[in-house]
Amino acid sequence: MPWGEFKDTAAERRLFQRRTLVMLVIVMLAIGGLIARMYQLQVVEHEIYTTLSDKNRVQVQSVPPPRGLVYDRNNTLLAENRPVFSVTLVPERVQGMDDTLAQLDAILEISEEDRERFQRRLQEPRRPFQEIPLRYDLNEQEMARLAVHRHELPGVEVKAELVRYYPHSELTAHALGFVGRINRDELQRIDPVNYAGTNYIGKSGIERFYEEILHGQVGYQHVETNARGRTLRVLERENPVPGEDLQLHLDLRLQQRAHELLDGRRGAIIAIEPDTGGILALASVPGFDANKFVTGISVNDYRELGDSKDKPLFNRALRGQYPPGSTVKPMLAVAALDSGATTRDYTIWDPGHFRLKEGGRLWRDWKRTGHGWVDLMDAVAESCDTYFYEIAVEMGVDTMHSYLAQFGFGEDATLDVAGALSGLLPSRDWKRAVRNEPWYPGDSVNMGIGQGFMLATPLQLATATALVANRGRWVEPRLLKDIKGDSPVEDFLPAEYHKPLTLKNPDDWEYAVDTMVEVMHGEKGTARAVGRGAAYKMAGKTGTAQVFSLAEDEEYNEEEIRERLRDHALFVGFAPADNPEIAVAVIVENGGSGSGTAAPVARALFDSWLLDYGQADGALLSGVNKVAN
């Protein structure tokens, strides 16, 4: 059969056209679907996928604010921030923690203590992707070695951060306190947003009390990172608001002088400006290096401080509670005059001892032979115990408690001094509650010379002395003098809450001051040797606090007693007497005599403040305030 009879060219053409049309429709539908999908991805869902993409490329990092600086009253820097380079790890990005730590140990020689501290922090609650420091204060050689191997260590970074530094650490540790790494408990109570990226927080002292204004406000930055999470560039930044700088009443020169005068002996000195209540010096000796606590103190260093028998971590100025001894006699003299328990002219015969009743217990005077006939002026000047035994019994515990409470005993009367203790001002109710015993007349006898149950801190003694210097006008002790910013000081200081101590006869204040002047400049004053040759008139009172009790007929022999069982030496006073510029309280633990040990320290402090540092006013320098002959 001929070939042409089987071939239908027209039919094949039609078939081909139909097939081509079908394929064209399929291709067009596929292209349409692809275009639709592209439109959905790039237009409709653009923001969604941009965000997802940026999460792989762009990260939001918190920028911690620089901590506010702290200055003394003369603008000497007391607390600053210095850059420190540390190696940190982000656990979520580390590929094999044990291997990474082993590599870092070979590069940087990680100590066992650093490793243990890192492991503890690794187990603690923390923010996601928060860096955990492993080693602090890298030197240039260590940073160079780490840079060579950096590509091998994902999740490991060298971070530069500002870390607190105290240039005069041992002098200011007890006054300023210190910052340290945020712990688990603090993490629960701080603002997680504002503290994002912040590793340090105030632990004690001024650093803790003014944490809110010293910390500042956190900032943020958007950074572009590579696949390993390393920062390539900063895309956008909102700068943090630095913490505000503080100026304190503290005078570094006087603070250093106080430490020098204690000369390594255990003790404390508080100096207050009577007019403002500003704390000029807050010295507790021995001190410690607060810088060791900032990034984490080593176990050995902490054990050395904690085991020291001198207790350098113990703030004696604020937390040391001692029997005030005879330093409270001026305050009790004011109470006795105002309550009518005695008068300026009332005189007693002091044979060297006191009995509540004939044949009863004997309370001895510090002067075994007695002082003879004494009035209130003599009793304070010569520190006659017998006189105060008698007026204490006359007043009774209720009256003494009422007046001494108004001098600030038995409470923390400070405005911004964190950690101060309240001492102990005993009362009938206290003894009944604590000892389940009534108050005996003998308890009042002991309280009359600042012994027995009564305890006071050096800060409380300085506060009460400032009240006498101000003739009854209250000024609560404070450290903050000014805020170097827009924030008013009053917004951060608690409100003053003490009323003036008003006496029935306001002249009794001047009389009380005169008795203290007689201590320093009178013919029989216990500290007359210290006051001799002064270019100004000072008022003061010596005191001695027993560390252990003597039997009724036992005599005190300092040479036979171990050094740490000897009496504490105390002194309180102010100068100039007529226009006080400074009030102080000094305690030298186991120093023995208040007049021989503590009073010379106070005199030297007065001289430094009034003469060497130029604090004396024109009246003093022109000789208006003359020394009593």
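Residues numbered from 1 in each chain as written. Predicted model: local features only at pLDDT ≥ 70, side-chain atom pairs only at ≥ 80, totals over all residues. Heavy atoms only, no water.

Thoughts on the overall build of the protein
Along its length, the protein carries 23 helices and 20 strands. Classification of the 629 residues of the protein by burial places 51% in the buried group. The contacts of the protein with a sequence gap of at least 6 include a subset with a gap of at least 24, amounting to 73%. For the protein, the exposed surface amounts to about 30,200 Å²; the carbon and sulfur share of it is 50%. (Helix = DSSP H or I, 4+ residues; strand = E, 2+ residues; numbered from the N terminus. Buried < 20%, exposed > 50% of the residue type's maximum accessible area, 1.4 Å probe, protein only. Contact = heavy atoms within 4.5 Å. Areas by Shrake-Rupley, 256 points an atom, 1.4 Å probe, with all protein chains shown as cover.)

With respect to helix H19 (residues 458–469)
Here H19 is 12 residues long and its end C-alpha atoms lie 16 Å apart, about the 16 Å a rise of 1.5 Å per residue gives. Here H19 lies mainly inside the structure; 12 of its 12 residues are buried. Every buried residue belonging to H19 is among Pro458, Leu459, Gln460, Leu461, Ala462, Thr463, Ala464, Thr465, Ala466, Leu467, Val468 and Ala469, and all of these are buried. Among the residues trailing H19, Arg471 stands out with phi positive, at a value near 55°. (Expected span 1.5 Å × (residues − 1).)

Remarks on the nonpolar core
Counting 144 residues, the largest nonpolar core has Leu254, Leu282, Tyr387, Phe388, Phe407 and Phe409 as the members making the most contacts within it. When residues of this core are assigned to their parent elements, the largest contribution, 10 residues, is made by helix H16 (residues 385–406). Once residues within four sequence positions are removed from consideration, Leu254 is found in contact with Ala271, Leu280, Ala281, Ile582, Leu605, Trp609 and Tyr613. One finds Val94, Ile110, Leu146 and Val156 within the second-largest nonpolar core, a separate group that totals 17 residues. (Core = buried A, V, L, I, M, F, W, Y, C linked by side-chain atoms within 4.5 Å.)

Digging into the packing of aromatic side chains
Within this structure, the stated rule accounts for 13 aromatic pairs. Arranged with centres 5.7 Å apart and planes meeting at 35°, the rings of Phe354 and Tyr389 form a pair that is tilted. Taken together, the residues Phe354 in strand E14 (residues 353–355) and Tyr389 in helix H16 connect sequence positions 35 residues apart. A network of ring pairs unites the aromatic residues Phe178, Phe288, Phe293 and Tyr302 as a single cluster. The ring of Tyr200 carries Arg181 above its face, with NZ or CZ at 5.4 Å from the centroid. Lying over the aromatic face of Tyr613, Arg253 brings its terminal NZ or CZ to 4.5 Å of the ring centre. (Phe/Tyr/Trp six-rings, centres within 6.5 Å; stacked < 30°, edge-to-face > 60°. Lys NZ or Arg CZ within 6 Å of the ring centre and 35° of its normal.)

Overview of the packing of helix H6 (residues 169–176) against helix H10 (residues 252–262)
Helix-helix packing is characterised by the crossing angle of the two axes and by the distance between the axes. Running from N to C, H6 and H10 cross one another at 105°; their axes reach a closest spacing of 10 Å. When the axes of H6 and H10 are compared, the pair comes out roughly perpendicular. In contact with Glu170, Leu171 and Thr172 of H6, H10 contributes Leu252, Gln255, Gln256 and His259. Residue composition of the contact of H6 with H10, grouped by class: 2 nonpolar, 4 polar and 1 charged. (Axes fitted to C-alpha atoms, helices over the stretch in contact; angles between N-to-C directions. Parallel < 35°, antiparallel > 145°, perpendicular 65-115°, else oblique. Nonpolar A, V, L, I, M, F, W, Y, C, P; charged D, E, K, R; others polar.)

Structural notes on unusual backbone geometry
Note the cis peptide between Val285 and Pro286, where omega equals 0°. By the element assignment, Pro286 lies in the loop between strand E12 (279–285) and helix H11 (291–294). Residue Pro576 follows Ala575 across a cis peptide bond; omega there is -15°. By secondary structure assignment, the location of Pro576 is in the loop between strand E19 (568–575) and strand E20 (582–588). One non-glycine residue with positive phi stands out, namely Asn75, at about 65°. Tracing the sequence through the fold places Asn75 in the loop between strand E2 (70–71) and strand E3 (77–89). A relative accessible area of 44% places Asn75 in the partly exposed class. Positive phi values are uncommon outside glycine, yet Arg471 reaches one of about 55°.

So, a positive patch on the surface
On the surface, Arg13, Arg14, Arg18 and Arg19 cluster together to form a positively charged patch. Following the sequence through the fold, Arg19 ends up in helix H1 (residues 9–44). (Patch = residues over 30% accessible without salt bridge, like charges linked within 9 Å, V, L, I, M, F, W, Y side chains within 5 Å. Salt bridge = Lys/Arg side-chain N within 4 Å of Asp/Glu carboxyl O. Lys, Arg positive; Asp, Glu negative; His and termini not counted. Charge placed at Lys NZ, Arg CZ, Asp CG, Glu CD.)

So, the pairing of E19
Counting buried positions along E19 yields 8 of 8 residues, so the element is predominantly enclosed. Alternating positions in E19 separate into two faces, His568, Leu570, Val572 and Phe574 on one and Ala569, Phe571, Gly573 and Ala575 on the other, with burial throughout. Two strands pair when backbone bridges link them, and strand E18 (residues 539–545) and E19 are joined in this way by 7 bridges, in the antiparallel orientation. Pairing of Gly540 across the sheet is with Gly573, part of E19. (Pairing = 2+ DSSP bridges.)

Here's the deal with the confidence of the model for the protein
With 89% of its residues at a pLDDT of at least 70, the protein reaches an overall mean of 86. Contacts for the low-pLDDT stretch residues 548–556, under 50 throughout, to residues beyond four places or in other chains number 12 contacts. Contacts from residues 617–629, a stretch scored under 50 in pLDDT, to residues over four places away or in other chains number 25 contacts. (pLDDT = per-residue confidence, 0-100.)

Quick word on the packing of helix H14 (residues 329–339) against helix H20 (residues 507–521)
The N-to-C vectors of H14 and H20 enclose an angle of 145°; their axes lie 10 Å apart at closest approach. Our pair here, H14 against H20, has a crossing hand that is right-handed. Contacts between H14 and H20 involve Pro330, Val334, Leu337 and Asp338 from the first element and Asp508, Trp509, Tyr511, Ala512 and Met516 from the second. By residue class, the composition of the contact of H14 with H20 is 7 nonpolar, no polar and 2 charged. (Left-handed = near helix turned anticlockwise from the far one by under 90°.)

A short note on a nonpolar patch on the surface
Among the surface-exposed residues, Leu21, Leu24, Val25, Val27, Met28, Leu29, Ile31 and Ile35 lie close enough to one another that they form a single nonpolar patch of about 760 Å² accessible area. Position of Met28 among the secondary structure elements: in helix H1.

Brief notes about the pattern of salt bridges
What the rule picks out here adds up to 23 salt bridges. Across the pair Asp301 and Lys292 runs a salt bridge whose closest N-O atoms are separated by 3.9 Å. Looking at Lys292, the relative accessible area reads 38%, which means it is partly exposed. Where Asp508 meets Arg344, a salt bridge forms, and the shortest distance between an N and an O atom there is 2.9 Å. Taken together, the positions of Asp508 in helix H20 and Arg344 in the loop between H14 and strand E13 (348–350) put the pair 164 residues apart, joining distant regions of the chain.

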